[in-house]
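# Descriptive structure summary
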Amino acid sequence: MNSIKKHWWKALAVVLLLYTFAFSFLVPLSSTIKSASPSSLEVGKNAVVLIGYNTEFEADENISISLEYDHKTLVCGTEIKQINANQISVNFNIPDSLPSKILHLRMSTSNFSSFSPELIKAFGITENQDTSNLCIVNAYNSSADILDIPNRLQLNETIRNLMFHVPMWFTMMVILFISFFYSIKYLNTFDIKYDIIAREAVNIGLLFAALGLITGSIWAKFTWSEHTDLFTTKGWWVNDVKLNGAAITTLIYVAYRILRNSLQEEHQKAKISAVYNIFAFVLMIVFLMILPRITDSLHPGNGGNPAFGKYDLDSTLRMVFYPAVIGWILLGIWMLSLKKRFFNLENKLEND
Amino acid sequence: MFVKQIVHLLKHELLIEMKQKHFISSIVLYIVSTIFVCSLSFTTIAETSIWNGLFWIIILFSLTNAISKSFLNENSDKQIFLYTLINPRALILGKIIYNLLLSIALVLISFFVFNFFIQTEGLDNMNYGLYLIAVVLGSTSISSTLTMVSAIASKTNNNIGILSILAFPILIPSLLLSIQFSNLAILGGTVEMSAQFIVFLSLINLLIVILSFLLFPYLWRE
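All of the points below concern the structure found in this document.

What counts, and at which threshold
- Along each chain, residues carry numbers from 1 onward, in the same order as the chain's sequence is written.
- Numbering of ligands from 1 and lettering of chains from A proceed in the order in which they are written.
- Owing to the predicted nature of the model, reporting of local features is limited to residues with pLDDT of at least 70; listing and counting of side-chain atom pairs is limited to 80 or more, with chain, interface and lining totals taken over all residues.
- Note that the side-chain values use all heavy atoms of the structure and ignore hydrogens as well as water.
- Using protein atoms alone on a 1 Å grid, points that fit a 1.4 Å probe yet trap it form a cavity, whereas open point sets bounded by protein on both sides within 12 Å along at least five of seven lines form a pocket; residues with an atom within 4 Å of a point count as lining.
- Grid points are joined across faces, edges and corners, and a volume is the space filled by probe spheres set on the points.
- Note on conventions: DSSP H or I runs of at least 4 residues are helices, E runs of at least 2 residues are strands, and numbering of each starts at the N terminus.
- Throughout this entry, Asp, Glu, Lys and Arg are counted as charged residues, while Ala, Val, Leu, Ile, Met, Phe, Trp, Tyr, Cys and Pro are counted as nonpolar. The remaining residues, Gly among them, count as polar.
- Two strands qualify as a pair provided that DSSP identifies no fewer than 2 bridges between them.
- Remark: nonpolar core denotes a set of buried residues (Ala, Val, Leu, Ile, Met, Phe, Trp, Tyr, Cys) joined through side-chain atoms within 4.5 Å.
- Three exposure classes are used, based on accessible area relative to the maximum for each residue type with a 1.4 Å probe and protein chains only: buried under 20%, partly exposed in between, and exposed over 50%.
- Residues are treated as being in contact if the distance between any of their heavy atoms lies within 4.5 Å.
- Salt bridge criterion: a side-chain nitrogen from Lys or Arg within 4 Å of a carboxyl oxygen from Asp or Glu.
- Contacts described as polar in this section are N or O atom pairs within 3.5 Å, which, within protein, must combine one atom able to donate a hydrogen with one able to accept it, while residues neighboring in sequence count only if both atoms come from side chains.
- Any Phe, Tyr or Trp ring, taking Trp's six-membered ring, that has another such ring centre within 6.5 Å forms a pair; planes under 30 degrees apart are called stacked, those over 60 apart edge-to-face, and the others tilted.
- Throughout this description, the term charge over a ring refers to an Arg CZ or Lys NZ atom that lies within 6 Å of the ring centre and within 35 degrees of the ring normal.
- Simply put, an axis is a line fit to the C-alpha atoms, just over the touching stretch for a helix, and the angle between two N-to-C directions goes from 0 to 180 degrees.
- An angle counts as roughly parallel when it lies under 35 degrees, as roughly antiparallel when it exceeds 145, as roughly perpendicular when it falls between 65 and 115, and as oblique in every other case.
- Should the near helix be turned anticlockwise from the far one by less than a right angle, the crossing is termed left-handed; should it be turned clockwise, right-handed.

### Some details on empty space enclosed by the protein
All names here are of chain B.
- If you walk through the whole model with that rule in mind, you get two cavities of 30 Å³ or more.
- Estimates place the volume of the largest cavity at around 100 Å³.
- Lining the largest cavity are twelve residues; nearest its centre among them are Phe71, Gln79, Tyr83, Lys155 and Phe216.
- Elements supplying a minimum of two residues to the lining of the largest cavity: α4 (76-85) and α8 (195-219).
- A total of three residues in the lining of the largest cavity trace back to one element, the largest contributor, which is α4.
- Its residues placed into classes, the lining of the largest cavity shows eight nonpolar, two polar and two charged.
- What the second largest cavity holds in volume is close to 30 Å³.

Structure, rendered in structure tokens:
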């Protein structure tokens, strides 16, 4: 009974991480339209082929496709013809005046309904702010609530990385805060066991920083470098505020390790590295808070990019993102407690 | 008493500087020769932002060189003598103020030498008053960080190498702020436009001084 009271959070960490892995690798992405060819239409009749992802168009009778802007249906698709499971051809009759040149595509079938913002552009029209529904579309009720992960235009399958990349940084910050806290505690008591915790927390924090850098680098390579018009970099690293912050953090704590290694006497080592840890951590937090405010970032929540919660993180992702964050943080703390026990035993053996 | 100790320390530092003129002249020579090497490789820099960035990099390295000696040239006998006489907090504040004055002097010298050797177009709109504020605020945060970190680094054997790896990651953000701020001054910005830079840099400087003030006594007598 006592051990359950003491160790329940480790079981919780295991359960949450298993749930995270299962959810993020097994749940399919939602069906949606990924591209249209041609994507720029002209006034009059246009035949467009829509290419979907995870869709099953074949033998589906109840398909309706429409173009809309500002919640008003403008053009209804006619002569819908299935080509294969992922392709469908449709005709759009574009009138000569529309409220916007950039249009959103809405589609509903018997299996799913999808909304692809800014997929279609209409050229040669005059922009006219008349906002009434131009046609009525009979939307089919897509059957039941299927559990799926949102399918965004740029992100595609990489959206699964959200459950790994973002929690790494959260965990790193929590672990580094623990290190900072125990450094203060060491300077108040000069008890070497607090220094062991501070030191091992930095090591684990660096591990999570490395994992965050690797997952982030892979993510950046497959999203930012291929699709953004604003950004022309093709590499694994882009010049972004958050990336610079991550690099600074990693450099500071590598420097902390080097400082420790260049000192010999145990208490001197503990004292001086605690001073540097506190000095560097406070300044790092201030910089991480200030820097994104003065420059733009590609990350959500900065420089005009929508933050989490606006529409990046819908309720399905929330269902697994928060458990993932808690699971990874608990795992980090678990690792730290193992390290602490190991080095305390080692200390004991040396002193005996 | 506390202020008296700081004033005394400042006088003491100045006296040592006057006695060992070779130190300050070696730093000035370092700055001049670095800028001369740059001028040989560039002569004219078309873009003002590159010109400005180069200037800040030269400042960073020359200040690192100048301040790295602030805790090094005190041998252990003299340290014991100082420890018995004065408050550690007075010592660190004295060192920070002295290094600040030294670095402002060095930065002004390097600004004139840099302007003399390396030309750039597009300085017509430059707001010299604002640029001076940027340089003073930026070099304040560089010199105060370096003072505290050199106190840490002086405990190790490899002083200058450890100083740069410990200090540069902490310095990158305030250096970035200073570079952006001075770029704005070159483009002819006003004080109102750069209010957030002034506020952020002053806050960072204040924070560095407070942290040094709180933490330095723990480096004491090590």
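### Comments concerning the sheet that holds strand β4 (residues 64-69) of chain A
Residue and element names in this part refer to chain A.
- Pairing in this open sheet of five strands is mixed, and the strands run β2-β10-β9-β4-β5 from one edge to the other. Single-partner strands in this sheet number two, and they are β2 (40-41) and β5 (72-76).
- Relative to β5, β4 runs antiparallel, the two being bridged by four bridges. Note on β5: the bridge partner recorded for Tyr69 is Lys72.

### Description of the nonpolar core
- Core analysis: the largest hydrophobic core is formed by 128 residues, its most contacted members being Tyr253, Tyr276 and Phe279 of chain A together with Trp51, Tyr131, Ile142 and Ile170 of chain B.
- Once you skip the residues sitting within four places of it in the chain, Phe279 of chain A turns out to touch Thr145, Met148, Val149, Ile170, Ile208, Leu211, Ser212 and Leu215 of chain B.
- Counting residues in hydrophobic clusters, the runner-up holds 24 residues, among them Leu41, Phe57, Ile63 and Leu103 of chain A.

### Quick look at the pattern of salt bridges
All names here are of chain A.
- Evaluated as defined, the whole model comprises eight salt bridges over all chains.
- A salt bridge links Asp195 to Arg260; its shortest N-O distance comes to 2.9 Å. Of this pair, Asp195 sits in helix α3 (residues 192-227) while Arg260 sits in helix α4 (residues 241-261), and the two are 65 residues apart along the sequence.
- Look at Asp195 and you get buried, because its relative accessible area is 5%.
- For Arg260, a relative accessible area of 7% corresponds to the buried category.
- Three or more residues are tied together by salt bridges with common partners; here these are Arg199, Glu200 and Lys339.

### A look at the layout of surface pockets
Residues and elements named next belong to chain A.
- Considered as a void within the structure, the second largest pocket measures approximately 360 Å³ in volume.
- Around the second largest pocket, the lining comprises 17 residues; the ones closest to its centre are Arg199, Glu200, Arg260, Lys269 and Phe343.
- Looking at the lining of the second largest pocket, the elements that each hand over two or more residues are α3, α4, α5 (266-294) and α6 (315-351).
- Top contributing element to the lining of the second largest pocket by residue count: α3, with six residues.
- Residue composition of the lining of the second largest pocket, by class: four nonpolar, four polar and nine charged.

### Quick notes on the side chain of Ser262 of chain A
- Following the sequence through the fold, Ser262 of chain A ends up in the loop between α4 and α5.
- Reaching out from Ser262 of chain A, the side chain makes a polar contact with the backbone oxygen of Leu259 of chain A at a distance of 3.0 Å.
- The residues touching Ser262 of chain A, leaving out its near neighbours within four places in the chain, are Thr156 and Ile162 of chain B.

### Some thoughts on the packing of aromatic side chains
- Inspection of the entire model under this criterion finds 29 aromatic pairs over all chains.
- Within the aromatic cluster, the residues linked to one another by ring pairs are Trp51, Phe55, Trp56, Phe111, Phe112, Phe114 and Tyr131 of chain B.
- The ring of Tyr194 of chain A has Lys193 of chain A sitting right over it, with the charged end atom 5.3 Å from the ring centre.
- Between Arg199 of chain A and the ring centre of Phe343 of chain A, over which it is positioned, the NZ or CZ distance is 4.7 Å.

### Observations concerning the side chain of Ser24 of chain A
Residue and element names in this part refer to chain A.
- Tracing the backbone shows Ser24 in helix α1 (residues 2-26).
- With a relative accessible area of 0%, Ser24 lands in the buried category.
- The residues touching Ser24, leaving out its near neighbours within four places in the chain, are Ile149, Arg160, Met163 and Phe164.

### Side note on the packing of helix α3 (residues 48-67) of chain B against helix α5 (residues 88-117) of chain B
Residue and element names in this part refer to chain B.
- Running from amino to carboxyl end, α3 crosses α5 at an angle of 140°, the nearest separation of the two axes being 10 Å. Comparing the axis directions of α3 and α5 gives the class oblique. The interaxial crossing formed by α3 with α5 has right-handed handedness. Only Asn99, Leu102, Ser103, Leu106, Val107, Ser110, Phe111, Phe114 and Asn115 of α5 make contact with α3, whose side of the interface consists of Trp51, Leu54, Phe55, Ile58, Ile59, Leu63, Ala66 and Ile67.
- The residue makeup of the contact of α3 with α5, split by class, is 13 nonpolar, four polar and no charged.

Read these as layout, nothing more, since geometry by itself doesn't imply function.
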